[in-house]
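Examining the three-dimensional arrangement
Residue strings, one per chain:
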Amino acid sequence: MSYASGRHFLQIPGPTNVPDRVLRAMAAPTIDHRGPEFGVLGREVLAELKPIFKTRHPVIIYPASGTGAWEAALVNTLSPGDRVLMCETGWFASLWQQMAKRLGLEPELIPTDWRHGADPAAIEERLEQDRAHAIKAVGVVHNETSTGVVSRIGEVRKAIDRARHPALLLVDTISSLASVDFRMDEWGVDVTVAGSQKGLMLPPGLSFNAVSTRALAAAKSSKLPKSFWGWDEMLAHNKNGYFPYTPATNLLYGLREALKMLNDEGLENVFARHTRHGEATRRAVAAWGLEVLCANPAEYSGSLTAVLMPAGHSADRLRKVVLEAFDMSLGTGLGRLADKVFRIGHLGHFNDLTLAGTLSGVEMGLQRAGVPHEPAGVRAALDFLAA
Ligand SMILES: Cc1ncc(COP(=O)(O)O)c(C=O)c1O
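First things first, this report covers the structure right here in the doc. Since the model is a prediction, treat every value here as computed from it, not as a measurement.

Gly14 connects to Pro15 through a cis peptide bond whose omega is -5°. One non-glycine residue, His133, adopts positive backbone phi at about 55°. Topologically, His133 is positioned in the loop between α5 (120-129) and β5 (135-141). Judged by its relative accessible area of 28%, His133 falls in the partly exposed class.

Written out as structure tokens, the structure reads:
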């Protein structure tokens, strides 16, 4: 590919743009991960992560992508043949369910049309039928990155409580942590799964489990094999800021800096910023005369917006035009949404002008690709942002 001047616009819904401050923080010599300096770093990041999850429980850091943290959540809490109730909100929820099957669990699926989040009433109904408590866990993806739909985790918690069911609540916050409000302790989440490459503004390579007291108790009797993912050894070492194996030291330098940035902005301001950019983006989509995939306004995502293409037009062709002409990457449609939607990431290190540039790239791309639309989306978003 020939040299493209200016900055590439990485507007997929993660990995997200890494701030210069974080890049600089990572560009430091790797230190002895068993030496005293590392212990200080380890203790600091392990403590500072907790408020981001809104938890007082331990947070575990793996040198792995988000998929690893999914596996860790399952193998630490469950035993072969255990039933897991999972809500098929989109592509990532389906992958998590496939993983559960491969690990020897028995996932039971509540389907959706991929335009709505997990249905608390359907969860309640299924759990009420399960009088023998065969279902050991409920797995929900908070922000479904393939659809831009947010499941209402607080409502899911209430549904489980109304059914008086002891199932653990496992929640994937890979594309919501530090961008969409998430309250682990208030919502009684037992295991929170997260990753570094989205709201935390880091490169890919770290993932997380935040672990409730009930989850730790379940881990004591869980029989699925685990070694690398084992919480027990990890927590024993984490007490002093260390890890049972070699940690991703330079990513932890980046994490320390990213946590400072989030604290400086204030977590609630971070959520408000994402909500506002989601709203501006949806105004642009509506003004283009296109449709947002998420069908329930109560479930709109602040992290990303999936946009439906008009019938007969290819989302992948549009994305190709935008990449080649304007050097911007947009998210592809996944699974059954392949070629039918494109996804605009508006999360992480992002501001009004980044959004203005992103929407301009989409609008010019729609024109160049010959996709029918009203060229009024950028105007609508700017009016909203300027007001
Ligand atoms: C909601 C969600 N869950 C799980 C994953 C898988 O994480 P990873 O690709 O980091 O392994 C992703 C990746 O984008 C995701 O968005």
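Taking strand neighbours across the sheet as the criterion, the 7 strands line up as β2-β10-β9-β8-β5-β3-β4 in an open arrangement whose pairing is mixed. Each edge of the open sheet carries a strand with a single partner, namely β2 (59-62) and β4 (106-111). Going across the sheet, the axis of each strand differs from the next one's by a mean of 20°, ignoring polarity. The sheet contact formed by β5 and strand β8 (residues 168-172) spans 5 bridges and is parallel. Note that in β8 the partner of Val138 across the bridge is Leu169.

Under the definition given, this model contains 24 salt bridges. Of the charged contacts in the structure, one is a salt bridge between Arg283 and Glu279, with a shortest N-O distance of 2.7 Å. With Arg283 and Glu279 both in helix α10 (residues 267-288) and 4 residues apart, this pair spans about one turn of that helix. On the basis of relative accessible area, Arg283 is assigned to the partly exposed category, the value being 40%. What emerges from the salt-bridge pattern is a single network uniting Lys54, Asp181, Arg183, Glu186 and Glu268.

Before going further, it helps to spend a moment on the site of the ligand. In the neighbourhood of the ligand, the contacting residues comprise Ser65, Gly66, Thr67, Trp70, Phe92, Val141, Asn143, Thr145, Asp172, Ile174, Gln197 and Lys198. A distance of 2.5 Å separates an oxygen atom of the ligand from a polar side-chain atom of Thr67. Taking Gln197, its side chain carries an N or O atom lying 2.8 Å from an oxygen atom of the ligand. Ranked by the residues each element gives to the shell around the ligand, the list is headed by helix α3 (residues 66-77), at 3 residues. The residue inventory of the shell around the ligand, partitioned by class, reads 4 nonpolar, 6 polar and 2 charged.

A separate point is α3. In a regular helix each residue adds 1.5 Å, so 12 residues correspond to 16 Å; α3 covers 17 Å between its end C-alpha atoms and thus fits that length. Residues of α3 that are buried: Gly66, Gly68, Ala69, Trp70, Ala72, Ala73, Leu74, Val75, Asn76 and Thr77.

Each packed pair of helices is defined by two parameters, the angle between the axes and the distance between the axes. Across the interface, helix α2 (residues 36-53) lies against helix α9 (residues 249-265) with an axial gap of 10 Å and an inter-helix angle of 45°. Of the possible angle classes, the one that applies to α2 and α9 is oblique. Read as a crossing pair, α2 and α9 show a hand that is left-handed. Residues Phe38, Leu41, Glu44, Val45, Glu48, Leu49 and Ile52 of α2 form the contact with α9, whose own contacting residues are Thr249, Leu252, Tyr253, Leu255, Arg256, Leu259, Leu262 and Asn263. In terms of residue class, the contact of α2 with α9 is built from 10 nonpolar, 2 polar and 3 charged.

If you walk through the whole model with that rule in mind, you get 1 cavity of 30 Å³ or more. The calculated volume of the largest cavity comes to roughly 30 Å³. Lining the largest cavity, in full, are Gly148, Arg282, Val292, Cys294, Tyr300, Ser301, Leu304, Thr305 and Ala306. Broken down by class, the residue content of the lining of the largest cavity amounts to 5 nonpolar, 3 polar and 1 charged.

Attention now moves to the nonpolar core. Membership of the largest hydrophobic core comes to 87 residues, with the highest contact counts inside it found for Ile61, Ile123, Phe208 and Leu255. Aside from chain neighbours lying at most four places away, what touches Ile61 is Val45, Leu46, Leu49, Leu206, Ser207, Phe208, Met234, Phe243, Leu252 and Leu255. In this structure, Val285, Trp288, Val292 and Leu366 belong to the second largest nonpolar core, which totals 29 residues.

Next up on the list: helix α13 (residues 377-386). Inspection of α13 places Gly377, Val378, Ala381 and Leu385 among the buried residues, and these make up the whole buried set. Axial view of α13: buried residues confined to an arc of 95°, hence all on one face. In α13, those exposed residues whose orientation departs by more than 90 degrees from the buried face are Arg379 and Ala386. Those residues of α13 that are buried lie in contact with α10 and α12 (352-368).

Taken as a whole and assessed by the stated rule, the structure comprises 0 disulfides. A disulfide-free cysteine, Cys87 has its sulfur positioned 15 Å from the sulfur of Cys294, the nearest such atom. The exposure class of Cys87 is buried, given its relative accessible area of 2%.

Quick notes on the rules
Residues numbered from 1 in each chain as written. Predicted model: local features only at pLDDT ≥ 70, side-chain atom pairs only at ≥ 80, totals over all residues. Heavy atoms only, no water. Helix = DSSP H or I, 4+ residues; strand = E, 2+ residues; numbered from the N terminus. Buried < 20%, exposed > 50% of the residue type's maximum accessible area, 1.4 Å probe, protein only. Pairing = 2+ DSSP bridges. Axes fitted to C-alpha atoms, helices over the stretch in contact; angles between N-to-C directions. Salt bridge = Lys/Arg side-chain N within 4 Å of Asp/Glu carboxyl O. Near = heavy atom within 4 Å. Polar contact = N/O pair within 3.5 Å; in protein donor to acceptor, adjacent residues only side chain to side chain. Nonpolar A, V, L, I, M, F, W, Y, C, P; charged D, E, K, R; others polar. Expected span 1.5 Å × (residues − 1). Parallel < 35°, antiparallel > 145°, perpendicular 65-115°, else oblique. Left-handed = near helix turned anticlockwise from the far one by under 90°. Contact = heavy atoms within 4.5 Å. 1 Å grid on protein atoms, 1.4 Å probe; cavity = no way out; pocket = protein on both sides within 12 Å on 5 of 7 lines; lining within 4 Å. Points joined across faces, edges and corners; volume = space filled by probe spheres on them. Core = buried A, V, L, I, M, F, W, Y, C linked by side-chain atoms within 4.5 Å. Arc of directions from axis to C-beta. Disulfide = S-S within 2.5 Å.

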